[in-house]
Amino acid sequence: MKVTDVLVQCLENEGVEYVFGIVGTEILDLADSLSKSKQIQFVNVRHEQGAAFMADVYGRLSKKAGVCLATLGPGATNLITGIASAQLDHSPVVALVGQAGIERQHKDSHQFLDLVKLFEPATKWSTQLKDSPSIPSIIRKAFRTATMEKTGAVTITLPENFSAQKIANSPLPVIPLPMSVPAADALQKATSLIQKNNKPFLIIGNGVIRQDAVPELHAFIENLQTPVTHSFMAKGVLPKDHPLNFYTFGFKEKDEVLPALNEADLLIVIGFDFVEKLPKDWNQKKRPILHIDNVAAEINEYYPVEAELVGNIKKTLQLLNQEDIPVKSWVPSGELQEKIKTAYQINNTHDTRTMSFTIENVLHSIETIATDNTIVISDVGDHKVSFARTYQPKQPDRIIISNGLASMGIALPGAIGAKLACPYDPVICITGDGGALMNFAEIETAKRLGLAFIIIVLNDSMLKLEVEQMNKMFGQNFGVTFQNPDFVQLAASFGIKGVQVNNLIEFEDILKEKYQSLDEIVLINAVIQN
């Protein structure tokens, strides 16, 4: 069999269902081999960045590696933003990238770049095929590396001169990843640390969701009875009305949770990724840390670890819940929980007749209408901050926020990845007008695939976060406003339904109508008040 036929059989062996990408000359053999697969659907996209974003979100929600494909030169460079996003958000992704043949890599050559070096800082592992028979071992290592905690991105560069060579068919067996647990003495040390402190505070990160440890986390919280906060990407780990829920932390400004962290005498940090917020921003008093994660702590002066439990988070919490954990019930001073609810506009009343058309009230409408299994994807911009503060999902792993690389343009292609990963769950994509147009062409991809989801474009003709920052710093803004096309007509040109709404009543009415019979892609152009 030729190399690319074996490569596709290796992908099938890994359980791959979709490959997102754009075909180029250097990967024609691979495209031909994919066309013969009865298991893998090749999703030809409109831009390689969109392919990587689709693989990213598909990987997050499916809990297996998403796969994307590009050719050399500009194909590869277009891919790299989405690959870097997956790496920093710890999404499992394997990227296959075409490359010039080995014979022309030692000299200046058309579209040739050293792709291994280009992708190295944006991946867990970047490699190039140098020997045809090694394809099975490279593919197996790639998927194992991408899905091993902390999950991330892997890139395999494929020189075109190998593609049609003949090799034996030999995919390697897929075996489960090993799960380690902390040693008994580490558990005892952690328990003792909890026992000797009176005001522990739990900080929860996305690792808890990645490792399916939410039930064990709930049991730990019930045992300990101590306040809890979570990162942007861990929203949903506690119900909105849970009495110990102190909601989201990690904001650049007006982080209302910080007083409680300062009042605590121990921070129990579980599955938190520093890429979301560095400890120096939330532990300026250098409170002692109990670190619980799959990898060892990155210790510094603002992350002074006194005990750490390194191992699979789900298994670790199961063991910790069997220990003699004392109740440490305490309440941060100053009615802080209610202050957070007010500041973050987390309220239980919702009357569209008396509410203005703001991002926060749009989010309240979505929260009111959405079912428990609804997946909401936020693009990056000012609305992402509002989303992280205000929106309260009903379950974990039902929101997608890019908070590592924080790249604009992820939401629309991400909605495609989400719908393919979870075909029976409603999907709502919320994006600013800036991010929307970065990958708007992927609407054609979604339409071609026959997908159905809702796109909400928050239309204010500006990069609002930058406008606010510049006005605050300089008293004026520059280079951060623009004119928009008619989004309703633009939607129609792609063959999808577009509706403009100018107030909250119109928005909620159309959202209810389309949500209840969601059998097509619908774009809601929401002209937001500033």
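Note that this is a predicted model, so its numbers are computed, not measured. (Residues numbered from 1 in each chain as written. Predicted model: local features only at pLDDT ≥ 70, side-chain atom pairs only at ≥ 80, totals over all residues. Heavy atoms only, no water.)

### So, the overall build of the protein chain
- A tally of regular secondary structure across the protein chain gives 20 helices and 18 strands.
- Oriented by its inertia axes, the alpha-carbon framework of the protein chain measures out at about 70 × 60 × 45 Å.
- Taking the intrachain contacts of the protein chain between residues at least 6 apart in sequence as the baseline, contacts between residues at least 24 apart amount to 75%.
- Just so you have it, the protein chain exposes about 20,800 Å², and 51% of that area is on carbon and sulfur atoms.
- Charge-centre separation for the protein chain: the mean point of 48 positive side chains lies 2 Å from the mean point of 60 negative side chains. (Helix = DSSP H or I, 4+ residues; strand = E, 2+ residues; numbered from the N terminus. Contact = heavy atoms within 4.5 Å. Areas by Shrake-Rupley, 256 points an atom, 1.4 Å probe, with all protein chains shown as cover. Lys, Arg positive; Asp, Glu negative; His and termini not counted. Charge placed at Lys NZ, Arg CZ, Asp CG, Glu CD.)

### Thoughts on the pattern of salt bridges
- Using the criterion set out here, one finds 27 salt bridges in the structure.
- For Asp89, the salt bridge goes to Arg60, with nearest N and O atoms at 2.8 Å. With Asp89 in the loop between α4 (74-88) and β4 (93-99) and Arg60 in helix α3 (residues 48-62), this residue pair connects regions lying 29 residues apart in the sequence. Neither residue differs from the other here; Asp89 and Arg60 are each classed as buried.
- Among the salt bridges present, the one from Lys63 reaches Asp397, with a minimum N-O distance of 2.5 Å. Residue Lys63 is found in the loop between α3 and β3 (66-70), and its partner Asp397 is found in the loop between α14 (382-390) and β14 (399-401); the two are separated by 334 residues along the sequence.
- With relative accessibility at 18%, the residue Asp397 sits in the buried group. (Salt bridge = Lys/Arg side-chain N within 4 Å of Asp/Glu carboxyl O. Buried < 20%, exposed > 50% of the residue type's maximum accessible area, 1.4 Å probe, protein only.)

### Notes on the side chain of Glu508
- Considering the arrangement of structural elements, one finds Glu508 in helix α20 (residues 504-516).
- Looking at Glu508, its side chain comes within polar contact range of the side chain of Ser365, at 2.7 Å. (Polar contact = N/O pair within 3.5 Å; in protein donor to acceptor, adjacent residues only side chain to side chain.)

### A closer look at helix α15 (residues 411-421)
- Judged by how many residues are buried, α15 sits mostly within the fold: 11 of 11 residues are covered.
- Considered for burial, the residues of α15 that qualify are Ala411, Leu412, Pro413, Gly414, Ala415, Ile416, Gly417, Ala418, Lys419, Leu420 and Ala421.

### Examining the packing of aromatic side chains
- A complete count under the given rule lists 17 aromatic pairs for this structure.
- Ring geometry for Phe201 and Phe246: centres 6.0 Å apart, planes at 70 degrees, overall edge-to-face. Within this pair, whereas Phe201 is found in strand β7 (residues 200-204), its partner Phe246 is found in strand β9 (residues 245-248), the two being separated by 45 residues in sequence. Note on accessibility: Phe201 and Phe246 belong to one class, buried.
- Arranged with centres 5.1 Å apart and planes meeting at 10 degrees, the rings of Phe387 and Tyr391 form a pair that is stacked. Residue Phe387 shares its accessibility class with Tyr391, and that shared class is buried.
- An aromatic cluster is built from Phe249, Phe272, Phe274, Trp282 and Tyr303, whose rings are joined through pairwise contacts. (Phe/Tyr/Trp six-rings, centres within 6.5 Å; stacked < 30°, edge-to-face > 60°.)

### A look at the sheet that holds β14
- The strand order across the open sheet built from 6 strands is β14-β13-β15-β16-β18-β17, with neighbouring strands paired in parallel fashion. Where the open sheet ends on each side, the last strands, each with one partner, are β14 and β17 (497-501). Taken over all neighbouring pairs, the strand axes of this sheet differ in orientation by 15 degrees on average, direction set aside.
- Of the pairings in the sheet, the one linking β17 to strand β18 (residues 522-527) comprises 5 bridges and is parallel in character. (Pairing = 2+ DSSP bridges. Axes fitted to C-alpha atoms, helices over the stretch in contact; angles between N-to-C directions.)

### Some remarks on the pairing of β3
- For β3, the tally of buried residues reaches 5 of 5 residues, placing the bulk of the element in the interior.
- Burial of β3 is two-sided: the residues Gly66, Cys68 and Ala70 facing one way and the residues Val67 and Leu69 facing the other way are all buried.
- As judged from the 3 bridges shared by strand β1 (residues 18-21) and β3, these two strands associate in the parallel manner. Paired with Val19 across the bridge in β3 is Val67.
- Inspection of the sheet shows β3 paired to β4 by 5 bridges, in the parallel sense. Looking across to β4, one finds that Leu69 is bridged to Leu96.
- Read from β3 through α4 to β4, the crossover connection turns out right-handed. (Right-handed = clockwise from strand over helix to strand, strands pointing away.)

### Comments concerning the nonpolar core
- Counting 54 residues, the largest nonpolar core has Trp282, Ile366 and Phe507 as the members making the most contacts within it.
- Each residue touching Ile366, except ones within four places of it in the same chain, is listed here: Val376, Tyr391, Ile428, Ile430, Ile456, Phe507 and Leu511.
- Counting residues in each nonpolar core, the second largest holds 52 residues, with Ile416, Leu420, Ala491 and Ile496 among its members. (Core = buried A, V, L, I, M, F, W, Y, C linked by side-chain atoms within 4.5 Å.)

### Here we look at helix α13 (residues 359-369)
- Among the 11 residues in α13, 10 count as buried, and that is most of the element.
- All of the buried residues in α13 are Ile359, Glu360, Asn361, Val362, Leu363, His364, Ser365, Ile366, Glu367 and Ile369.
- Where α13 is buried, its residues meet β13 (375-378), α14, β15 (427-432), β16 (454-459) and α20.

### Notes on empty space enclosed by the protein
- According to the stated counting rule, one finds 2 cavities of 30 Å³ or more in the structure shown.
- Approximately 60 Å³ is the volume found for the largest cavity.
- Lining the largest cavity we find Val3, Thr4, Leu7, Glu26, Ile27, Leu30, Leu129, Leu158, Pro159, Phe162 and Ser163.
- Mapped onto the lining of the largest cavity, the elements with two or more residues apiece are α1 (3-13) and β6 (153-159).
- Counted by class, the lining of the largest cavity contains 8 nonpolar, 2 polar and 1 charged residues.
- The volume enclosed by the second largest cavity comes to roughly 50 Å³.
- As for the second largest cavity, its lining consists of Ala370, Thr371, Asp372, Thr374, Val376, Tyr391, Gln392, Pro393, Lys394, Arg398 and Ile399.
- In terms of residue class, the lining of the second largest cavity is made up of 5 nonpolar, 3 polar and 3 charged. (1 Å grid on protein atoms, 1.4 Å probe; cavity = no way out; pocket = protein on both sides within 12 Å on 5 of 7 lines; lining within 4 Å. Points joined across faces, edges and corners; volume = space filled by probe spheres on them. Nonpolar A, V, L, I, M, F, W, Y, C, P; charged D, E, K, R; others polar.)

### Observations concerning the sheet that holds strand β2 (residues 41-44)
- The strand order β2-β1-β3-β4-β6-β5 describes an open sheet built from 6 strands, whose pairing is parallel. Each having just a single partner strand, β2 and β5 (125-128) make up the two edges of the open sheet. The mean angle between the axes of side-by-side strands here comes to 20 degrees, regardless of whether they run parallel or antiparallel.
- Bridging between β4 and β6 involves 7 bridges; their strand directions are parallel. Its bridge partner being in β6, Leu96 is matched across the sheet by Ile156.

### A word on the layout of surface pockets
- Here the largest pocket defines a volume of roughly 1,200 Å³.
- Lining of the largest pocket is provided by 48 residues; of these, Gly381, Asp382, Val385, Leu465 and Glu468 occupy positions nearest its centre.
- Listing elements by their share of the lining of the largest pocket, those giving two or more residues are α13, α14, α16 (433-436) and α18 (464-474).
- Its boundaries defined by the atoms lining it, the second largest pocket holds a volume of some 670 Å³.
- Looking at the second largest pocket, it is lined by 28 residues, and the ones nearest its centre are Thr147, Glu149, Thr151, Arg210 and Gln211.
- Elements with a minimum of two residues in the lining of the second largest pocket: α3, α8 (207-210) and β14.
- At 3 residues, the largest contribution of residues to the lining of the second largest pocket is made by β14.
- Tallied by class, residues from the lining of the second largest pocket come to 11 nonpolar, 10 polar and 7 charged.

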